[in-house]
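# Structural overview for review
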Amino acid sequence: QVQLVESGGGLVQEGGSLRLSCAASGNPFSINAMGWYRQAPGKQRELVAAITRSGRSDYADSVKGRFTISRDNAKNTVYLQMNSLKPEDTAVYYCNTKSYSGSSSWGQGTQVTVSS
């Protein structure tokens, strides 16, 4: 079982930046993909960005060019650098991992609020 601890959320003004971190423990070598999802009030949870162990990444169209996902396999940690933040980026951001066996784990979520 993988445990995830997120950090880095907060309140920022429009145009500002935040960096989210998510550290995995428990059985980190079973993890293939690590990523971030977000859920705004009244909306479905959506994929923001994901990265495989080999470094292949994928982004939602709404964040391309503004967000960058990276991963430190030695530290079992995934990061999300968020630049040029917009009010519509306001949401709870959840870390997610997918193992080679297909199982999935979720973090507790961290609030990101962008004020206009």
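Look a little higher up for the structure.
Let us look at the structure shown here. (Residues numbered from 1 in each chain as written. Predicted model: local features only at pLDDT ≥ 70, side-chain atom pairs only at ≥ 80, totals over all residues. Heavy atoms only, no water.)

What follows covers the overall build of the chain. Scanning the chain from terminus to terminus reveals zero helices and eleven strands. Seen in sequence order, the chain has helices and strands lined up from the N terminus as β-β-β-β-β-β-β-β-β-β-β. Since a compact globule built from 116 residues should have a radius of gyration of about 13 Å, the 13 Å found for the chain is in line with a globular shape. Across the 116 residues in the chain, those meeting the buried criterion constitute 45%. A fraction of 53% describes how many contacts in the chain between residues 6 or more apart in sequence connect residues 24 or more apart. Total accessible area on the chain stands at roughly 6,100 Å², and carbon and sulfur atoms take up 47% of it. (Helix = DSSP H or I, 4+ residues; strand = E, 2+ residues; numbered from the N terminus. Rg over C-alpha atoms; globule rule 2.2 N^0.38 Å. Buried < 20%, exposed > 50% of the residue type's maximum accessible area, 1.4 Å probe, protein only. Contact = heavy atoms within 4.5 Å. Areas by Shrake-Rupley, 256 points an atom, 1.4 Å probe, with all protein chains shown as cover.)

On to the environment of Glu46, then. Relative to the helices and strands, Glu46 resides in strand β5 (residues 46–51). Considered as a pair, Glu46 and Val63 are 17 residues apart in the sequence and their alpha carbons are 12 Å apart. With sequence-adjacent residues up to four places away left out, Glu46 is seen in contact with Trp36, Tyr37 and Arg38. Within polar-contact distance, the side chain of Glu46 engages the side chain of Arg38 at 2.8 Å. (Polar contact = N/O pair within 3.5 Å; in protein donor to acceptor, adjacent residues only side chain to side chain.)

Okay, the sheet that holds strand β8 (residues 77–82) next. Spatially, the four strands line up as an open sheet ordered β1-β3-β8-β7, and their pairing is antiparallel. Looking at strand neighbours, the two that pair on one side only are β1 (3–7) and β7 (67–72), the edges of this open sheet. Pairs of neighbouring strands in the sheet enclose a mean axial angle of 15°, with direction left out of account. Note: β7 against β8, six bridges, orientation antiparallel. (Pairing = 2+ DSSP bridges. Axes fitted to C-alpha atoms, helices over the stretch in contact; angles between N-to-C directions.)

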